[in-house]
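Examining the three-dimensional arrangement
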Amino acid sequence: MKETQTIESTNKVTKTTERITGSQAIVRCLIEEGVKVLYGYPGGAIMPVYDELYKYQDKIHHVLTRHEQGATHAAQGYARISNGVGVAMATSGPGATNLITGIADAQIDSTPMVCITGQVPSQLLGSDAFQETDIVGISTPITKWNHQITKASEIPEVIAKAFYIAKSGRPGPVLVDITKDAQFEEFDFSYKKCKGVRSYKAVPKTDASKIEEAAKLINAAKKPLVVWGQGVILGEAEEEFKAVIEKAGLPAAWTILGASAIPTSHPLNVGMVGMHGNYAPNVLTNECDVLIAIGMRFDDRVTGSLNTYAKQAKVIHFEIDPAEVDKNVKTDVAVLGDAKESLSQLLPLLNENTHEDWHQKFKDLYKIEYDKVIKDDLHPTKDGLTMGEVLKEINTYTKGEAAIVTDVGQHQMIACRYAEFNTSKSNITSGGLGTMGFGLPAAIGAKMAAPEREVVSISGDGGYQMTIQELGTIFQQRVAVKVVVLNNDFLGMVRQWQQLFFDKRYASTEMTNPDFVTIAKGYYINAKRVTKREELADAVKKMIESKEPYFLEVCVEKEDNVFPMVPSGASVSDIRLE
């Protein structure tokens, strides 16, 4: 029941509020925050909200995923390509706990996401009621903020705060748990967007003196190296970043989440760092005299052994989160603040430079990597198909304009190494958590956020089967995502480690797989399997040209490995080419 109440203020301006239920308020809050798409799965404790959503189908499009984990990954894909906030919703108990993997993934990869869960009535809290789980307690270590609502009147303020915290500063996931009685309770509703939270400083103030110190080090450097991460993309600082490296002639390497901030073909882009990164930037990390880290957190997969990482270099760290500074690598100059603002202030202080001799070292080492690894990956002479040549064909037909969404494993590293990116926000993958099953649902979210873009999901046969049920979501929603499975009948990355470090004891990594093409056709999705090289180009062309969802299985070599490789715990200088 609605009632209109007029409140007269002292200055004679009137403000109208409505008396509505908590569930109505939740939907109104989402509309106020500009939410257009919501991913979720209904159940008893969240049913009042779904009843209200039914009335607002013209304003919010709810996507019924086939599993709550799929809802979080889809929300992540939506957020990552749009630079907005993804939203997922689930019921209490198992519905809420099924969100946990996606929430943890979003936390470590700084993805803005708001999750809303239903909860048993407040009078039953702590009684082990049917489908009661302490989701606030469970999610506390893996959320940027969470809160349980037991009174309807709390809803507007808490949801406004949730969206602000999720997107501001270093982004991350927020969870709001709402008891069922709060969803039914009536109150006087009004909404005000949150613009700040006491004691929470989203963006630290940039210290001009630190930028001056950084500029002096960069200007004096003979062998500078930039390593950039996702902070450049999250801060929408791509143009400022490009201007900085071009003016100072800085070779720039990327972490996997930083990929696509500048085009792959940019002459100052020297490749990927890390365990399966490119040879030159890994080796020369331990030869540079100034290391400039921008929007990255010195993850162990980037640094290898910290005892030997860039010990000869002065380290400059541009970072929005003070907790990341000096956490893993000791810095000489820490520039706190938003990347866009910091790089804008840095640019006029830099001297123009080219560092031609230093750049030649990167070219020389690239030639070694090309002859030892890249040539065979992209232009193989053996009979079996390689993952690299599949990426080469995808590049041919997408012309570097597609968003590539991957699972985790060998195919992920191959995709990151060989996919061509001309547009920012084009490499969508699970970085810090390494979540198998991420790719398919994340591609759904990405395509729905950017329907004008080509979105290609690339998975291995292992990770694909962890969320294969989301083919049902693709079918029901008619999401024109292109799904590629690189099938080697193995958990490929684990098998590679077993081959290299466990004397080829392939314990529980060989897979007996189903007929993936028949499964896709069961969901009424066009599908094809490729087993021969001469079939590949036409199959990829047909897939990319399709205006509908399409599934392509490519049967690749069973025991191919991904090189280069920095063995776990080794120095980045000890990167192996074979």
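As the structure is a prediction and not an experimental result, all values here were calculated from the model.

1. Structural notes on the side chain of Glu238
The residue Glu238 is located in helix 11 (residues 238–248) in this model. With relative accessibility at 12%, the residue Glu238 sits in the buried group. For Glu238, the contacting residues outside a window of four places in its chain are Val232, Ile233, Ala261, Ser424 and Lys425.

2. What to know about the pairing of strand 13 (residues 290–294)
Regular strands place side chains that alternate from one sheet face to the opposite one. Taken across its five residues, strand 13 has five buried, putting it largely inside the fold. Side-chain alternation along strand 13 places Val290, Ile292 and Ile294 on one buried face and Leu291 and Ala293 on a second face that is also buried. Examined bridge by bridge, strand 13 and strand 14 (residues 314–319) share five bridges and lie parallel to one another. Within strand 14, the position partnered with Val290 by the bridge is Lys314.

3. Concerning the sheet that holds strand 6 (residues 113–119)
If you walk across this open sheet you meet the six strands as 4-3-5-6-8-7, and the pairing is parallel. Each edge of the open sheet carries a strand with a single partner, namely strand 4 (61–64) and strand 7 (145–149). On average, adjacent strands in this sheet sit at an angle of 20° to one another, irrespective of strand direction. Here strand 7 pairs with strand 8 (residues 173–179) via five bridges, running parallel. Among the inter-strand pairings, Gln148 is bridged to a residue of strand 8, identified as Asp177. Sitting on the sheet, helix 3 (residues 68–82) touches strand 3 (37–40), strand 5 (86–90) and strand 6, and the angle it makes with strand 5 is about 170°.

4. Brief notes about the pattern of salt bridges
Pairs may arise between side chains of opposite charge once their charged atoms sit close together. Going through the model one piece at a time under the given rule, you end up with 26 salt bridges. In this structure, Glu246 and Lys242 form a salt bridge, with 3.5 Å as the shortest nitrogen-oxygen distance. Residue Glu246 and its partner Lys242 are located together in helix 11, separated by four residues, close to a single helical turn. Judged by its relative accessible area of 38%, Glu246 is partly exposed. Among the residues examined, Lys242 registers a relative accessible area of 26% and is labelled partly exposed. The residue Asp503 makes a salt bridge to Arg505 at a minimum N-O spacing of 3.4 Å.

5. Side note on the packing of helix 3 against helix 5 (residues 100–108)
Relative to each other, helix 3 and helix 5 sit at 25°, their axes nearing to 7 Å. By the angle between their axes, helix 3 is roughly parallel relative to helix 5. Contacts between helix 3 and helix 5 involve Gln69, Thr72, His73 and Gln76 from the first element and Thr101, Gly102, Asp105 and Ala106 from the second. Here the contact of helix 3 with helix 5 is built from residues that sort into one nonpolar, six polar and one charged.

6. Concerning the environment of Glu534
Tracing the backbone through its elements, the reader meets Glu534 in helix 23 (residues 533–545). The class of Glu534 is exposed, set by a relative accessible area of 63%. Residues Glu534 and Leu125, 409 residues apart in the sequence, show an inter-C-alpha distance of 62 Å.

7. Topic: helix 5
Every buried residue of helix 5 is accounted for by Ile100, Gly102, Ile103, Ala104, Asp105 and Ala106. Each element contacted by the buried residues of helix 5 is listed here: helix 3, helix 4 (94–97), strand 6, helix 6 (135–139) and strand 8. The first or second residue beyond helix 5 is Ser110, which carries a positive phi of 55°.

8. Quick word on the packing of aromatic side chains
On inspection of all chains with the given rule, the structure shows 12 aromatic pairs. Judged by centre distance (5.5 Å) and plane angle (70°), the rings of Trp497 and Phe501 are edge-to-face. One end of the pair, Trp497, and the other, Phe501, are both in helix 21 (residues 492–501), four residues apart, so they sit about a helical turn from each other. With relative accessibility at 22%, the residue Trp497 sits in the partly exposed group.

9. Considerations on the nonpolar core
The biggest cluster of nonpolar side chains holds 99 residues, and the ones touching the most others in it are Trp228, Phe241 and Leu291. The element best represented in this core is helix 15 (residues 356–378), accounting for six residues. Residues lining this core come from more than one domain, with at least three contributed by each of domain 2 (215–361) and domain 3 (379–568). In contact with Leu291, other than residues within four places in its own chain, are Leu225, Val227, Phe298, Tyr309, Ala310, Ala313, Lys314, Val315 and Ile316. In terms of nonpolar packing, the next biggest core, distinct from the first, is built from 47 residues, Leu99, Ala450, Tyr464 and Val483 among them.

10. A word on the packing of helix 11 against helix 14 (residues 339–346)
Relative orientation and spacing of two packed helices are given, respectively, by the angle between their axes and the distance between those axes. Interaxial distance between helix 11 and helix 14 falls to 9 Å at its minimum, and their mutual angle equals 30°. Relative to helix 14, the element helix 11 lies roughly parallel. The crossing of helix 11 and helix 14 is left-handed. Side by side, helix 11 and helix 14 meet where Glu240, Phe241 and Val244 of the first sit next to Lys340, Leu343, Ser344 and Leu346 of the second. For the contact of helix 11 with helix 14, the class distribution of residues is four nonpolar, one polar and two charged.

11. Things to note about the sheet that holds strand 11 (residues 252–254)
Read from one edge of the open sheet, six strands run 12-11-10-13-14-15, paired in parallel fashion. Of all strands in the sheet, those bounded by a partner on one side alone are strand 12 (269–272) and strand 15 (333–336). Strand after strand, the sheet turns through a mean of 20° between neighbouring axes, direction not considered. Helix 9 (residues 208–220) contacts strand 13, strand 14 and strand 15 of the sheet and is inclined by roughly 130° relative to strand 15. Packed onto the sheet, helix 14 meets strand 13, strand 14 and strand 15 and runs at close to 130° relative to strand 14.

About the thresholds
- Residues numbered from 1 in each chain as written.
- Predicted model: local features only at pLDDT ≥ 70, side-chain atom pairs only at ≥ 80, totals over all residues.
- Heavy atoms only, no water.
- Helix = DSSP H or I, 4+ residues; strand = E, 2+ residues; numbered from the N terminus.
- Buried < 20%, exposed > 50% of the residue type's maximum accessible area, 1.4 Å probe, protein only.
- Contact = heavy atoms within 4.5 Å.
- Pairing = 2+ DSSP bridges.
- Axes fitted to C-alpha atoms, helices over the stretch in contact; angles between N-to-C directions.
- Salt bridge = Lys/Arg side-chain N within 4 Å of Asp/Glu carboxyl O.
- Parallel < 35°, antiparallel > 145°, perpendicular 65-115°, else oblique.
- Nonpolar A, V, L, I, M, F, W, Y, C, P; charged D, E, K, R; others polar.
- Phe/Tyr/Trp six-rings, centres within 6.5 Å; stacked < 30°, edge-to-face > 60°.
- Core = buried A, V, L, I, M, F, W, Y, C linked by side-chain atoms within 4.5 Å.
- Domains from an automatic or database assignment.
- Left-handed = near helix turned anticlockwise from the far one by under 90°.

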